[in-house]
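Structural description and commentary
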Amino acid sequence: MEFFNQFMIAPDAQHLLLLRYLLVITLLIHVPYMAMAVGCTSLSLALNLVDRDRKVKTTPMLGRLAYDLMRIAVPNRVVPVLFGMLPLAALWMIYGQWLYQSSVNTMNLFPAGVFVIAAGLLAAFMYKGTMYPGGQNRIVNLALGMAAVGTLIVGTYIVIGSVVRFQDPERWHMTHDPIRTLTSFNIIWKHLFFVMSGFAMAGCGILYFFFDSSRRKPVMDPAYMKIAKNVGAALAMKGVLVLPVLGFFYMVTTPILAMSTEVYSVAIAALIVLFIIFVLLYLVLASPTPRFGRLTFILLVVVFLLTGVWDQMTLVNATKEHSAMLVSRAEAREAKSKLEREKLGTDALKIDLALGENVFNTVCSTCHKMDERVVGPPLNTVLPKYAGKYDELVSYIQSPSKKDPEYPPMPAPSVNLLEIKSVAAFLLGQDPGTLQGGGGGSGH
Ligand code: HEC
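These numbers come from a predicted model, not from an experiment. (Residues numbered from 1 in each chain as written. Predicted model: local features only at pLDDT ≥ 70, side-chain atom pairs only at ≥ 80, totals over all residues. Heavy atoms only, no water.)

In this section: the coordination of the iron atom of the ligand. With distances of 1.9 to 2.2 Å, the protein atoms coordinating the iron atom of the ligand are His 368 (NE2) and Met 410 (SD). Coordination geometry of the iron atom of the ligand: the six donor atoms subtend angles of 88 to 178 degrees at the metal centre, consistent with an arrangement described as octahedral. With a gap of 42 residues between them, His 368 in the loop between helix H13 (353-362) and helix H14 (379-382) and Met 410 in the loop between helix H15 (390-398) and helix H16 (417-428) connect regions that are remote in the sequence. Taking the relative accessible area as the measure of exposure, His 368 reaches 12% and is therefore buried. Since its relative accessible area comes to 27%, Met 410 is described here as partly exposed. (Donors = N, O, S within 2.8 Å, 3.2 Å for Na, K, Ca; no water. Tetrahedral: all angles 85-135°; square planar, octahedral: opposite > 155°, others 65-115°. Helix = DSSP H or I, 4+ residues; strand = E, 2+ residues; numbered from the N terminus. Buried < 20%, exposed > 50% of the residue type's maximum accessible area, 1.4 Å probe, protein only.)

Shown next as structure tokens:
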């Protein structure tokens, strides 16, 4: 964390609240896309391998589907950067701020995973570029596809692993060892959940982007449409079926201190939405024409939203103690800077004889003259007491005490510390230069 802590500060309670919202938003932008990219690329590679012998009449459709899937995963250069890489950078900062100065050591592992993911997205892009219908060299194409799937799986595992570790404060101390950090069933279930949600996303993505997207409706021959529809719906259905099981295992391997009633409620809500998607997909499979593309896609994004909220909640629960530490640290910092500001307010501003004279003429002179008794004593008679005792005079004017029984008590004048110091310097004929920094005077 050392490198990281350099450009982070301890967030206070409001900042922490803001980070919670930022986290959910960033996860919602990033995770559905990333899952879909992983799902589409894996499925595309699988179809591509099955489509080995292009002369066989029954399979060329699969090669085409493999290519169309990559058009969803990496449609252009902008989408992977916007939805893949940039949110990852933001996540790194959000988590870094949230876990500022904690003993967890995975903030260095996280960027490593991000680099692997970047390589994976690049490989996916090149895989798409070398593929049907333009691809000539099949070996290169398949190698790129495998590299893409492999690096994407490894990269997302590392990133998910370093994040899942946050919710286990009792093991933060052992996160120095990346291998031990990443070997945990909690991480494995979470990553499997992610990959499976990616397959569900890829399946729903086919239904949505191929058939239901109002933006482009490609002219499709019915045979291809049927294959695409069935592959999409069947894949999404399998994903949707497996997700509750994986989610359950993830939940039971999550440290109990990260769980709460709210987390369980969110899990149940996700389960209900998954069930609705399942029913819709069943109807899609049963019907001869594709439908519900948009609806299933949106509902699946809702599931991602719920899992994002879930992640945020477990992190809040698990980092309660750490957050309390951060808040008290921020409060201490605030108190310290307030103190410094106050000190600055008196010391940095110049004690000024002209100001002192002005204060004397406007405030003190109503009760004091130099050589005459007014309400208070003539100052010529009392000031010699204070010769060489600048600090004493300052504190007397600040809060006057009873002195001479012949006089009524002097009320505390309504002037600030700088004005008091200035008038005291003026009365004692003190050189302000010797007084900066709050030091005491030493005679005339
Ligand atoms: C409302 C009237 C009033 C004002 C305004 C006032 N004083 Fe006084 N001052 C008094 C009185 C009355 C005493 C005598 C108090 C006593 O002996 O207990 C006194 C006493 C003093 C003494 C003598 C303290 C001692 O040790 O015997 C000093 C010095 C002094 N004033 C300075 C100031 C200065 C400087 C200001 C302006 C910032 C000021 N006063 C404003 C009424 C006033």
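The next point concerns the site of the ligand. Close to the ligand lie 26 residues; Cys 364, Cys 367, His 368, Tyr 386 and Met 410 are nearest. Here an oxygen atom of the ligand and a side-chain polar atom of Lys 385 are 2.9 Å apart. Separating an oxygen atom of the ligand from a backbone N or O atom of Lys 403 is a distance of 2.7 Å. Taken atom by atom, the bulk of the ligand overlaps the largest pocket. Listing elements by their share of the shell around the ligand, those giving two or more residues are H14 and H15. (Near = heavy atom within 4 Å. Polar contact = N/O pair within 3.5 Å; in protein donor to acceptor, adjacent residues only side chain to side chain. 1 Å grid on protein atoms, 1.4 Å probe; cavity = no way out; pocket = protein on both sides within 12 Å on 5 of 7 lines; lining within 4 Å. Sits in = over half its atoms within 2 Å of the grid points.)

A word on the pattern of salt bridges. Summed over the entire model, instances satisfying the criterion amount to six salt bridges. Notably, a salt bridge pairs Arg 64 with Asp 68, separated by 4.0 Å at the nearest N-O pair. Here Arg 64 and its partner Asp 68 are both found in helix H3 (residues 60-73), four residues apart, which amounts to about one turn of the helix. Taking relative accessible area as the criterion, Arg 64 reaches 24% and is therefore assigned partly exposed. A relative accessible area of 10% means that Asp 68 is categorised as buried. With a closest N to O distance of 3.4 Å, Arg 373 and Glu 406 form a salt bridge. You can see Arg 373 sitting in the loop between H13 and H14 and its partner Glu 406 sitting in the loop between H15 and H16, a full 33 residues away along the chain. On the accessibility criterion, Glu 406 (57% relative accessible area) is exposed. Connected through shared salt-bridge partners, Arg 64, Asp 68 and Arg 71 make up one network. (Salt bridge = Lys/Arg side-chain N within 4 Å of Asp/Glu carboxyl O.)

Looking at the protein chain as a whole, the pLDDT averages 85, with 89% of positions reaching at least 70. In the predicted structure, residues 437-444 sits below a pLDDT of 50 and forms 20 contacts with residues beyond four places in sequence or in another chain. (pLDDT = per-residue confidence, 0-100. Contact = heavy atoms within 4.5 Å.)

With that settled, the discussion passes to empty space enclosed by the protein. Think of a ball as big as a water molecule: rolled over the atoms, this probe shows where empty space is left. Counted under the stated rule, the structure contains three cavities of 30 Å³ or more. In this structure, the largest cavity spans a volume of roughly 440 Å³. In terms of lining, the largest cavity is formed by 29 residues, of which the most central are Leu 27, Val 31, Ile 160, Lys 190 and Asp 311. Looking at the lining of the largest cavity, the elements that each hand over two or more residues are helix H2 (13-50), helix H4 (78-98), helix H5 (109-129), helix H6 (138-164), helix H8 (185-212) and helix H11 (293-318). Looking at the lining of the largest cavity element by element, the count peaks at seven residues for H11. Looking at the lining of the largest cavity, its residues break down into 19 nonpolar, eight polar and two charged. As for the second largest cavity, its lining consists of Phe 193, Ser 197, Leu 243, Leu 300, Val 303, Phe 304 and Thr 307. (Points joined across faces, edges and corners; volume = space filled by probe spheres on them. Nonpolar A, V, L, I, M, F, W, Y, C, P; charged D, E, K, R; others polar.)

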